[in-house]
Every structure is written in structure tokens, then in C-alpha cells.
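# A look at the structure
Take a look at the letters that make up each chain.
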Amino acid sequence: MDPHISTTPFGRRSLSLAMVAGQMAADSCAPGASTNKWQVFRAVCEAKGLLGASDRALAVLNALLSFHPDTDLVEGEGLVVFPSNTQLALRAHGMAPATLRRHLAVLVDCGLVVRRDSPNGKRYARKGYDGAIEQAFGFDLTPLLARAKEFERLAEAVRSERRALLLVRERITILRRDIAKMIAFGLEEGIAADWQRLHLEYREITATIPRTASRLELEPIAEDLALLAQEVRKTLESHVKTEETSANESHFERHIQNSNTHLHEFEPGLEKGQGTAAAVKLEAKSQPPTGYPLGMVLRACPDIADYARNGISGWADLVETANLVRGALGVSPDAWNQACEAMGAVDAAIMVAAMLQKGEAISSPGGYLRSLTAKACAGEFSIGPVLMALLRGRGGDVRARAG
């Protein structure tokens with residue numbers, strides 16, 4: 001086959017620097033070079049972001065490669081394919097002609113193929129007397145062969161970046177879990193610390209995490225979370241050291257706290273049968289809200305699960321976790337109890353989860369919960385709009401209700 005010369009495009013298409021660069025890449029192909037066409041195609045797919053190629057353009061490239069009869073691209077052995085637009089569109093999954101032309105131009109601009117136009121703009125091959133192709137006009141795949149090592153390096157860089165991004169995301173996930181669990185533990189155990197400040201700082205950091213972010217955006221956030229986790233851990237470690245210095249006294253105090261043999265002696269106001277009545281009342285208040293399953297609540301307010309010791313598998317777990325979180329939010333026990341009394345423990349827990357999810361949008365969680373409690377007492381409170389707004393904000397399916 002005669003060597004191709006650099007050609008200008010046919011018709012109204014004008015010459016561009018990208019076309020000249022693609023032709024230069026084809027001309028620089030090392031003699032005797034060869035590569036597996038599907039291996040280099042996979043490398044191009046991985047490096048598409050760096051090359052500027054779209055998914056649809058790569059679908060067209062895949063179709064062009066399918067017209068090359070051999071598995072390997074070999075220098076000097078018929079690397080020009082010349083399918084008609086009709087046949088090319090069929091192999092590109094029925095792509096529209098205008099769309100096909102647009103993505104062919106993208107492949108040329110990215111330097112992945114070279115357009116070798118005939119004098120009349122048609123794609124065809126001229127054969128010699130022996131039946132071998134002497135000259136072909138169409139799309140030259142030589143740049144894929146000439147730049148195969150470059151594409152592989154770019155693909156490896158993309159893979160390395162993807163691994164680094166995965167690692168920093170995993171680190172952030174673990175740090176968020178650790179901080180939330182440590183704060184919940186400190187609140188549950190009544191350890192003396194400014195848990196509200198630590199929790200607010202935690203919420204401020206997590207609020208800066210974008211929905212989609214690069215490694216460079218996430219690394220500073222991971223460092224901030226690591227520093228906060230270290231501070232919270234030191235607070236707990238300091239408490240442990242304090243307990244070790246007074247082990248005997250602590251053991252004696254725990255013995256008294258854990259003993260419930262003579263509970264009536266410490267609660268003289270609790271009359272016989274009153275505890276049972278209170279338990280029945282709490283159970284009635286803890287019934288799930290009509291039409292809103294737990295799964296839907298957790299989809300709308302996923303952050304509450306970070307504070308649960310053993311996960312949230314039922315409404316009781318949600319109420320218990322919300323009782324811990326409300327302390328970190330600055331909601332007083334009195335405001336919490338009044339909310340449970342007015343709207344029920346489950347709805348009160350859902351509101352605490354919603355306030356946690358909204359973060360800085362609620363400046364005074366305690367005052368906000370009291371205002372909702374007043375509305376509940378007046379019969380003007382409904383948990384539905386709160387959940388729907390949170391689901392819409394997270395792109396959730398607001399139609400996912402219990403049957």
C-alpha cells in the first residue's frame with residue numbers, strides 16, 4: 001500500500017491544528033509497531049476525561065475499530081477503515097447521522113483518528129491488479145497505534161487518581177463514623193466535655209463535603225476531620241485515665257448505679273403499678289407514624305445512623321439514638337420530654353434526626369423543637385412535609401410510602 005500523504009478535509013470543513021497534530025502523530029508511528037486494538041481502546045476509555053472524548057464518541061470509535069479485520073493494529077498494514085455512514089451508524093447502535101458526524105469530528109479533534117478524504121469525499125479503497133488495497137480513503141487508525149504507550153500512561157494516571165480518591169473517601173467515611181460514635185458514647189456515659197461544641201464543629205466540617213468532589217477537594221476535609229477525631233479521642237482517653245486513678249471509688253459508684261434491688265427507696269414517689277402505666281404510655285407514644293416507614297425516614301435523615309451504637313433496625317433504636325443526639329444539638333431534656341409528650345416519641349425522634357440532617361440551617365434546635373411542640377399541642381403539626389422536603393433535597397423518591 002502506498003503511504004498516505006497529509007490531506008485537507010473535503011467540502012466545507014476547514015483545516016484545524018488538531019487535524020495537523022493527528023497527522024503528525026500518524027507519521028511518527030515507529031516502523032514495525034503493533035498493538036492489540038481492544039487493549040488500546042480500553043486505555044482510551046479510561047483516559048477519556050484527559051483526552052476530551054465523550055462516551056458517544058468512544059462508541060463511534062468502537063464501531064470504527066470493528067471494521068478493522070485484524071485484532072492487532074500493525075504499522076503499514078491497512079489501518080484505514082472506510083465504512084459508509086449507514087454501516088457505521090448501525091454498528092454505533094443506530095446513531096443519528098448528524099450525531100454520528102459530530103462525534104466523528106470529536107475523534108479527529110482528540111487526535112484518535114485521522115480523516116483521509118478522497119477527492120470526492122467518498123470513503124472507498126482502490127485495489128491493485130493482485131487484489132490488494134493500494135489506496136484507501138476513510139478514517140486512519142494509525143494515531144491509536146502511534147500513541148498507544150501514551151494512552152496507557154494516561155490510563156494508569158487515571159487509575160492511580162481513582163485509587164487515591166477512593167482511599168480519601170474511605171478515610172472520610174471512617175473518620176465521620178468514629179467521631180459520631182465517640183460523641184454519642186461521651187453523651188451516653190455522661191463524660192464531662194463540651195460535646196455541643198465538638199458536635200457543631202463536626203457538622204460544620206461535614207457540611208462542606210460536596211456531593212461530587214475531587215481528591216484535592218476532599219483531602220483538606222479529611223485532615224480537618226482527623227484533627228477533630230484526635231481531639232475527641234483525647235477527651236475520652238483523658239476520662240479513662242481519670243477513672244484509672246480512682247478505680248476503687250468508681251467501682252463502688254457503678255455498683256450503686258447498677259443496683260435496682262430497692263428502687264422504691266430511691267424513688268418514693270413511684271407508687272405500685274405506676275411504672276407499668278408509664279411503660280404502656282411510652283409504648284403508645286412510640287408507635288410509628290402512619291404511612292412513613294423507618295426506611296424512608298433513614299433515607300431522608302441518614303446522618304442519624306452515624307450515632308447509633310448498633311445501627312437502627314427499629315423505632316426504639318431511632319428514639320434511643322435521637323435522645324443522645326439531642327444533647328449534642330443543644331436540646332434540653334425538658335424540651336425533649338415535652339416534644340415526646342406532645343407529638344409522640346417516634347415523631348420527636350424523627351424531628352431530631354431532621355434537625356441533625358439540616359445542620360447549620362437551624363440556628364437554635366432547642367427553640368425550633370419547642371415551637372414544633374407548641375404546634376403539635378394545637379393540632380397543627382405534621383411530620384410529612386419535613387420528610388418530603390428532606391427527600392427532595394437528597395433526590396429521594398417521595399412516592400416511597402408504606403402501602
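The coordinates are above.
Criteria and thresholds
- Residues numbered from 1 in each chain as written.
- Predicted model: local features only at pLDDT ≥ 70, side-chain atom pairs only at ≥ 80, totals over all residues.
- Heavy atoms only, no water.
- Helix = DSSP H or I, 4+ residues; strand = E, 2+ residues; numbered from the N terminus.
- Buried < 20%, exposed > 50% of the residue type's maximum accessible area, 1.4 Å probe, protein only.
- Contact = heavy atoms within 4.5 Å.
- Areas by Shrake-Rupley, 256 points an atom, 1.4 Å probe, with all protein chains shown as cover.
- Axes fitted to C-alpha atoms, helices over the stretch in contact; angles between N-to-C directions.
- Parallel < 35°, antiparallel > 145°, perpendicular 65-115°, else oblique.
- Left-handed = near helix turned anticlockwise from the far one by under 90°.
- Arc of directions from axis to C-beta.
- Nonpolar A, V, L, I, M, F, W, Y, C, P; charged D, E, K, R; others polar.
- Salt bridge = Lys/Arg side-chain N within 4 Å of Asp/Glu carboxyl O.
- Core = buried A, V, L, I, M, F, W, Y, C linked by side-chain atoms within 4.5 Å.

This part covers the overall build of the chain. The number of helices and strands found in the chain is 19 helices and 6 strands. Put simply, the chain has 403 residues, and 38% of those count as buried. Contacts in the chain between residues far apart in sequence, at least 24 positions, make up 72% of those at least 6 positions apart. Entry remark: accessible area of the chain is about 22,600 Å², with carbon and sulfur atoms responsible for 53%.

Our next topic: the packing of helix α16 (residues 333-343) against helix α17 (residues 345-358). For the pair α16 and α17, interaxial distance at closest approach is 7 Å and the crossing angle is 125 degrees. Taken together, α16 and α17 sit at an angle that is classed as oblique. Between α16 and α17 the crossing geometry is right-handed. Here W336, A339, C340 and M343 of α16 come into contact with α17, specifically with A345, D347, A348, A349, M351 and V352.

Each α-helix turn comprises 3.6 residues. Residues three or four places apart therefore point the same way. Buried within α16 are the following residues: A335, W336, A339, C340 and M343. The arc that holds every buried residue of α16, seen down its axis, measures 135 degrees, which confines them to one face.

Right, let's get into the packing of helix α8 (residues 148-189) against helix α15 (residues 315-329). Any two packed helices are characterised by how steeply their axes cross, that is the angle between the axes, and by the distance between the axes. The contact between α8 and α15 brings their axes to 9 Å, and the two run at 95 degrees. Comparing their axes, α15 and α8 come out roughly perpendicular. Of the residues in α15, those touching α8 at I183, A184, L187 and E188 are L324, G327 and A328. Among the residues making up the contact of α8 with α15, the classes are represented as 5 nonpolar, 1 polar and 1 charged.

So, about the pattern of salt bridges. A side chain with one charge can pair with a side chain of the opposite charge if their charged atoms come near. Under the criterion given, the structure shown has 18 salt bridges. One salt bridge connects K48 with D55, and the closest N-O pair in it is separated by 2.3 Å. Owing to a relative accessible area of 30%, K48 belongs among the partly exposed residues under this scheme. In this structure, R197 and E201 form a salt bridge, with 3.3 Å as the shortest nitrogen-oxygen distance. A residue pair is termed a helical-turn pair when its members lie 3 or 4 positions apart in one helix, as R197 and E201 do in helix α9 (residues 195-206) at 4 residues. A single network of salt bridges, built from pairs that share partners, joins E46, E152, E156, R159, R162 and R163.

Now for the nonpolar core. Ranked by size, the top nonpolar core spans 69 residues in total, and within it L225, L318, W336, M343, I350, M351 and L387 carry the most contacts. At 11 residues, α17 tops the list of elements feeding residues into this core. A43, A47, A63 and L107 belong to the second-largest nonpolar core, a separate cluster that totals 36 residues.

This part covers the side chain of H103. Position of H103 relative to the elements: it lies in helix α6 (residues 97-109). The class for H103 is buried, based on a relative accessible area of 8%. Once you skip the residues sitting within four places of it in the chain, H103 turns out to touch S54, R56, A57, V60 and M95.

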